[in-house]
Amino acid sequence: ISPEEEQWVSAKRTASIPAWRDYLMRANISGLNINDFTSGPRLPNIAISISGGGYRAMLGGASVLNAFDVRNETAAAAGTGGVLQIASYLGGLSGGAWLVSSLAIADFAPLTSMFGAWDLDTNLILPAGQGGLSAFRNVKEYNQAANAVDQKAGAGFKVTLTDYWSQLLGPHIDQNIADGAAFTPTWSSLAALSSLANHTFPFPLVVFAQRSPQEKRVTVMSNVWEANVFDTGSFNPAINAFVQTKYYGTFVSNDQPQHQPLQEGSPFQAIRPPCVNDFDHSSFIAGTSSSLFNVAMEQLGGTDSFLQPIASKLSEEGRDTAIIPNPFHQSQLSNSSVANDLNIELVDGGENGQNLPLFPLIQVARDVDVILAGDVSADTVNYYPNATSVIISAQYATWMNLPDRFPPVPMIPEAWVAQGLLERNTVFGCGALASNGGGNTSYAGPMLVYIPNRSAVTNTNYSTFKLTYSQDEIDGFYSNGMAITTHADPLYLNDGEMPQPWPTCLACILIGRPWRDAAAQQTSTTIPLPSQCKSCFQQYCWNGSMEGNT
């Protein structure tokens with residue numbers, strides 16, 4: 001990771017000490033000396049991951065974050081409020097990226113105040129609606145988007161369907177666009193906002209998948225890219241390099257910024273300077289991560305005739321991805337997989353099957369202790385998750401030579417169903433503290449708290465391509481998410497044993513990595529494991545069961 005990120009995370013841990021104390025007091029772990037814990041040499045490094053899935057994922061993820069936000073009185077009273085404030089990282093892709101980017105733009109305003117910024121009763125693709133005079137009003141909206149895209153093309157950049165899509169997305173992630181601003185702020189500029197500058201909220205990152213020039217489809221082996229407010233690039237061994245996000249859009253060859261060689265359809269590249277700024281508009285970052293919606297735009301292209309020429313022409317030309325000037329052309333600082341490409345093609349972060357952004361969070365350099373994964377995917381015919389994203393992420397970690405950084409999990413969806421893991425919150429990677437060793441008693445990587453979307457108080461299984469939501473539907477998500485996040489039934493419970501409350505057990509998990517690692521090594525810790533936390537690990541951690549694998 002960059003020196004800037006390393007310094008930020010270190011400062012975040014120090015700044016979070018009061019938030020940790022407040023959170024642990026509300027969690028009420030019997031026998032834990034909070035002052036001793038927060039005075040220790042290293043506070044835990046917590047990450048939150050929000051899946052893709054359009055507005056469904058944005059709202060489902062927002063409801064989870066709302067239940068983790070201490071500013072929400074219900075969450076604070078339940079004992080889960082405060083997790084958002086102590087977390088170091090917040091990752092999202094596709095619909096989850098809309099959530100992450102809109103929150104970052106809004107300086108992490110309370111989740112319940114974001115409805116106006118999201119403008120969910122206005123259709124993303126057909127802002128003026130359908131039928132009658134709406135088509136003429138939509139033409140006006142699209143002309144405004146086209147004018148903005150023309151400015152980018154006029155500066156010598158190749159434009160794609162993602163550029164148009166990003167312009168439509170902008171008013172739904174930034175209230176200032178609705179109020180008349182021309183563009184969303186740059187992603188890199190958000191580091192200066194008070195929530196990040198003062199280290200009071202987590203470090204945001206958005207995830208993409210890379211499509212190779214010779215491929216029509218993204219494969220499960222595709223490179224995973226990320227854009228955080230400091231750097232953009234990939235941890236994949238095939239690249240393993242980053243460029244400063246403020247220079248995103250700069251063509252770098254032999255590790256020097258240069259004018260990009262002229263390409264068909266880009267005759268004006270020499271008029272812009274080699275070092276590019278303002279390419280990283282937040283709407284373009286979020287739009288790139290959700291460019292699966294290019295498919296939806298094509299499908300809806302026939303609804304109003306003015307959409308069809310744009311969608312069809314750019315799709316036929318293969319310009320249905322985000323095209324980025326390659327910052328690693330002939331680089332001596334990165335590996336060789338993109339060395340000969342003039343451009344990088346980036347698409348929806350979930351197109352490679354990893355609809356939860358986990359790969360950037362399991363990296364050794366980030367040293368994350370626990371990942372809280374809100375999965376709002378639509379894997380089943382009923383639009384609920386079945387952990388496919390977790391399974392593919394586990395396989396991918398092995399392929400990328402990181403098998404010891406991803407916890408053991410059941411490797412087919414049928415096993416998750418058979419064991420009831422889609423109906424509760426479950427912790428993976430508890431090692432020797434879990435019953436039967438949790439699948440691997442010596443596992444020492446990040447623990448994973450899997451929080452699947454499910455019907456707790458109401459149904460939230462809407463289509464990914466549902467593009468408007470009513471206030472009642474939004475309220476349903478928030479009520480359901482509060483129920484999911486603040487309550488869970490134990491996975492295992494011995495006869496006569498009292499279930500430990502989920503909010504208290506979640507706190508035990510978040511601070512539990514030293515106890516888990518000590519148990520694996522059969523050593524002691526400075527602060528002894530509270531007996532209540534020991535019960536929590538036994539009750540909520542997966543035990544490595546093979547049920548349902550055949």
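Residues numbered from 1 in each chain as written. Predicted model: local features only at pLDDT ≥ 70, side-chain atom pairs only at ≥ 80, totals over all residues. Heavy atoms only, no water.

(A) Examining the pairing of strand β13 (residues 447-452) more closely. The buried fraction of β13 amounts to six of the six residues, a majority that puts the element mostly inside the structure. In terms of strand pairing, strand β11 (residues 370-375) meets β13 through six bridges, oriented parallel. By the bridge assignment for β13, I371 is matched with L448. Looking at chain direction, strand β12 (residues 426-428) and β13 are connected through three bridges and run antiparallel. (Buried < 20%, exposed > 50% of the residue type's maximum accessible area, 1.4 Å probe, protein only. Helix = DSSP H or I, 4+ residues; strand = E, 2+ residues; numbered from the N terminus. Pairing = 2+ DSSP bridges.)

(B) Main features of empty space enclosed by the protein. Counted according to the given criterion, the structure contains five cavities of 30 Å³ or more. Every residue lining the largest cavity is counted, 14 residues in all, and those nearest its centre are G60, S63, V64, N453 and I484. Of all the secondary-structure elements, those providing two or more residues to the lining of the largest cavity are α4 (54-67), β11, β13 and α18 (471-486). (1 Å grid on protein atoms, 1.4 Å probe; cavity = no way out; pocket = protein on both sides within 12 Å on 5 of 7 lines; lining within 4 Å. Points joined across faces, edges and corners; volume = space filled by probe spheres on them.)

(C) A look at the pattern of salt bridges. Within this structure, the stated rule accounts for twelve salt bridges. Between D163 and K152 there is a salt bridge; the shortest N-O distance is 2.6 Å. In this pair, D163 is assigned in helix α10 (residues 161-173) and K152 in helix α9 (residues 134-154), connecting sequence segments eleven residues apart. Here R366 ties to E226 by a salt bridge, and the two come within 2.7 Å at their closest N and O atoms. Taken together, the residues span a long stretch of sequence, with R366 in the loop between β10 (343-348) and β11 and E226 in strand β4 (residues 224-228) at a distance of 140 residues. The same class applies to R366 as to E226, namely buried. Bridged by salt links that share partners, the residues R42, D367, D369, R513, R516 and D517 form one connected network. (Salt bridge = Lys/Arg side-chain N within 4 Å of Asp/Glu carboxyl O.)

(D) Local environment of the state of the cysteines. Enumeration according to the criterion identifies three disulfides in this entry. Paired by a disulfide, C505 and C536 hold their sulfur atoms 2.0 Å apart. Where C505 bonds to C536 through sulfur, the torsion about that S-S bond is close to -70°, and the disulfide is left-handed. Placement of C505 in helix α19 (residues 502-510) and of C536 in helix α21 (residues 531-540) is noted, with a sequence separation of 31 residues between them. A relative accessible area of 1% places C505 in the buried class. Looking at C536, the relative accessible area reads 0%, which means it is buried. Bonded cysteines in the protein are paired 1-6, 2-5, 3-4 when counted in the order they occur along the chain. (Disulfide = S-S within 2.5 Å.)

(E) Here's a closer look at unusual backbone geometry. Even without being glycine, N28 reaches a positive phi, approximately 60°. With respect to the secondary-structure elements, N28 resides in the loop between α2 (17-27) and α3 (34-38).

(F) Molecular detail of the side chain of D280. Note on placement: D280 falls in the loop between β8 (256-257) and α13 (282-289). One buried charge, D280, has no salt-bridge partner; the nearest side chain with opposite charge is K246, at 10 Å. Side-chain polar atoms of D280 contact the backbone nitrogen of S188, separated by 2.8 Å. For D280, the residues in contact, after removing those within four places along its chain, are P185, T186, W187, S188, T245, K246, Y248 and I285. (Lys, Arg positive; Asp, Glu negative; His and termini not counted. Polar contact = N/O pair within 3.5 Å; in protein donor to acceptor, adjacent residues only side chain to side chain. Contact = heavy atoms within 4.5 Å.)

(G) Seen up close, the confidence of the model for the protein. Across the protein, the average pLDDT comes to 87, with 88% of residues at 70 or higher. In this model residues 298-306 is a low-confidence stretch, pLDDT under 50, and it forms 19 contacts with partners more than four residues away in sequence or in other chains. (pLDDT = per-residue confidence, 0-100.)

(H) Fine view of the packing of α4 against helix α7 (residues 95-105). Contact geometry for α4 and α7: axes closest at 7 Å, N-to-C directions at 55°. Compared by their axis directions, α4 and α7 come out oblique. You can see that α4 and α7 cross each other, and the crossing is right-handed. Two secondary-structure elements touch here, α4 through G54, Y55, A57, M58, G61, A62 and L65 and α7 through G95, G96, W98, L99 and L103. Tallied by class, the residues present in the contact of α4 with α7 amount to eight nonpolar, four polar and no charged. (Axes fitted to C-alpha atoms, helices over the stretch in contact; angles between N-to-C directions. Parallel < 35°, antiparallel > 145°, perpendicular 65-115°, else oblique. Left-handed = near helix turned anticlockwise from the far one by under 90°. Nonpolar A, V, L, I, M, F, W, Y, C, P; charged D, E, K, R; others polar.)

(I) Up close: α18. Relative to the 22 Å expected for 16 residues at 1.5 Å per residue, α18 spans 22 Å between its end C-alpha atoms, a close match to the ideal helical length. By the burial criterion, the buried members of α18 are I474, G476, F477, Y478, N480, G481, M482, I484, T485 and T486. Check the buried side of α18 and you find it contacts α4, α5 (73-78), α8 (115-118), β13 and α19. (Expected span 1.5 Å × (residues − 1).)

(J) The packing of aromatic side chains, seen in detail. Evaluated as defined, the whole model comprises 24 aromatic pairs. Considering the side-chain rings of Y89 and F203, the 5.8 Å spacing of their centres and the 85° angle between planes classify their relative orientation as edge-to-face. Taken together, the residues Y89 in strand β2 (residues 89-92) and F203 in strand β3 (residues 203-211) connect sequence positions 114 residues apart. The buried category is assigned to F203, whose relative accessible area is 0%. Across the ring face of F284, the terminal group of K152 is positioned such that the distance to the ring centre comes to 3.7 Å. Residue placement shows K466 over the ring face of Y469; its charged tip is 4.7 Å from the ring centre. (Phe/Tyr/Trp six-rings, centres within 6.5 Å; stacked < 30°, edge-to-face > 60°. Lys NZ or Arg CZ within 6 Å of the ring centre and 35° of its normal.)

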